[in-house]
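# Notes for the structure review
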Amino acid sequence: MKNLFKLFPAFAAIAVMSLMSCGEAENEISFDRYYESIFTVNKATIAPELEDTSYMVMNMDKFELQTGDRARMVVRYYYDSNVTKFPEWTIQSVVEVIPTREIVAKDAIDEAEYNAPVLLNASSGRLYSYTMDNRPVDPIWVWNNIQNVYVHYRGISDNAQFALSVKGVKDGCVELQLHIKATASGNVKSDKLVSFDLRSLESVLTESEKASIRSYDKLKTQVFLTYLTSAGKTEVGATPACEFANPFKK
């Protein structure tokens, strides 16, 4: 089995500025910036991916977003000392609400149907980078117990389905397999960021597998993908491991 997915560039920080203090100033202060990234909603606040800080937005009621929603959005960060009392965050548009899927048992997948291959970047031989705020970032990451996988795949996006199943557990690393079901149409290629709740492993791991990971402070995941080679054949490759705090520690 090949392991073509070597170390990707370090995950770029999301470009979100800290709020400024807004006391009286001798000179006019103003800025008007826009960011497109992934944010998690909590009532009237949004938290950018990979950040521990939340920001209150002024117009949450204009969008059909609920607490817990995770969405790719364009947000505006605006301040004019002659107009506003403090810097304001507002949502300009919701590009996509990203659902968080459950991890399933391997025997729940019909591999004859979930057989669309992943496509690699021809220039690097690796997965295509994901883009946040116009910056390329790693296509594989874990944040807040959510496993994220960004893939290009062969097939059309309409009615495409994605699943993540457990291959096994070894030395504190949960090995996962990504499955894609997509209708082929010539050489049509599509891409998708898919997210899975790692806490749902509780319902699919065996009792012995769960017992084997409870003592670890941190766990790792490794995602296995069926990809299309430059020669047009399919092979299986594994991504680098992602580390995260163990939600099942006892």
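Residues numbered from 1 in each chain as written. Predicted model: local features only at pLDDT ≥ 70, side-chain atom pairs only at ≥ 80, totals over all residues. Heavy atoms only, no water.

### Quick word on the state of the cysteines
Following the criterion strictly, the structure yields 0 disulfides and no others. This cysteine, cysteine 173, is not joined by any disulfide, and cysteine 242 carries the nearest cysteine sulfur, 9.4 Å off. Among the residues examined, cysteine 173 registers a relative accessible area of 12% and is labelled buried. (Disulfide = S-S within 2.5 Å. Buried < 20%, exposed > 50% of the residue type's maximum accessible area, 1.4 Å probe, protein only.)

### Structural notes on the confidence of the model for the protein
In this model, the protein carries an average pLDDT of 88, and 89% of its residues clear a pLDDT of 70 or more. Low pLDDT (under 50) marks residues 1-25, which in the prediction has 71 contacts with non-local residues, meaning those over four places away or in another chain. (pLDDT = per-residue confidence, 0-100. Contact = heavy atoms within 4.5 Å.)

### A closer look at the side chain of asparagine 246
When you line up the elements, asparagine 246 lands in the segment after β17 (242-245). You can call asparagine 246 buried: its relative accessible area is 9%. (Helix = DSSP H or I, 4+ residues; strand = E, 2+ residues; numbered from the N terminus.)

### Observations regarding the environment of valine 57
Topologically, valine 57 is positioned in the loop between β3 (55-56) and β4 (70-80). Separated by 20 residues in sequence, valine 57 and tyrosine 77 place their C-alpha atoms 9.5 Å apart. With near-sequence residues (within four places) excluded, valine 57 lies in contact with Ala44, Ile46, Trp89 and Ile91.

### Let's talk about the packing of aromatic side chains
Inspection of every chain in the model, using the stated rule, returns 8 aromatic pairs. Arranged with centres 4.6 Å apart and planes meeting at 40°, the rings of tyrosine 55 and tryptophan 89 form a pair that is tilted. Taken as a pair, tyrosine 55 in strand β3 and tryptophan 89 in strand β5 (residues 88-97) lie far apart in primary sequence, 34 residues in all. Tryptophan 89 matches tyrosine 55 in its accessibility class, with the two residues each being buried. A connected cluster of aromatic rings, assembled from ring pairs, spans Phe31, Tyr35, Tyr55, Tyr77, Tyr79 and Trp89. The ring centre of tyrosine 78 lies 4.4 Å from the NZ or CZ of arginine 76, which sits over that ring. (Phe/Tyr/Trp six-rings, centres within 6.5 Å; stacked < 30°, edge-to-face > 60°. Lys NZ or Arg CZ within 6 Å of the ring centre and 35° of its normal.)

### Focus: the nonpolar core
Soluble globular proteins: nonpolar side chains tend toward being buried together. If you look at the biggest cluster of nonpolar residues, it comprises 32 residues, and the most contacted ones within it are Ile103, Leu176, Leu178, Ile180 and Leu201. Of all the secondary-structure elements, those providing two or more residues to this core are β10 (140-143), β11 (146-154), β12 (161-170), β13 (173-181), β14 (189-197), β15 (218-228) and β17. Leave out the neighbours within four places in its chain, and isoleucine 103 touches Leu164, Ser165, Val166, Leu176, Phe196, Asp197, Leu198, Ser200, Leu201 and Val204. Formed by 16 residues, the second largest nonpolar core is a distinct cluster that contains Val57, Leu65, Ala71 and Val75. (Core = buried A, V, L, I, M, F, W, Y, C linked by side-chain atoms within 4.5 Å.)

### A closer look at the side chain of serine 190
As for its placement among the helices and strands, serine 190 is situated in strand β14. Within the structure, the side chain of serine 190 is placed 2.6 Å from the backbone oxygen of glycine 155, a separation counted as a polar contact. A polar contact of 3.2 Å, which involves the side chain of serine 190, links it to the backbone nitrogen of serine 157. Filtering out sequence-adjacent residues up to four positions away, serine 190 remains in contact with Val151, His152, Tyr153, Gly155, Ile156 and Ser157. (Polar contact = N/O pair within 3.5 Å; in protein donor to acceptor, adjacent residues only side chain to side chain.)

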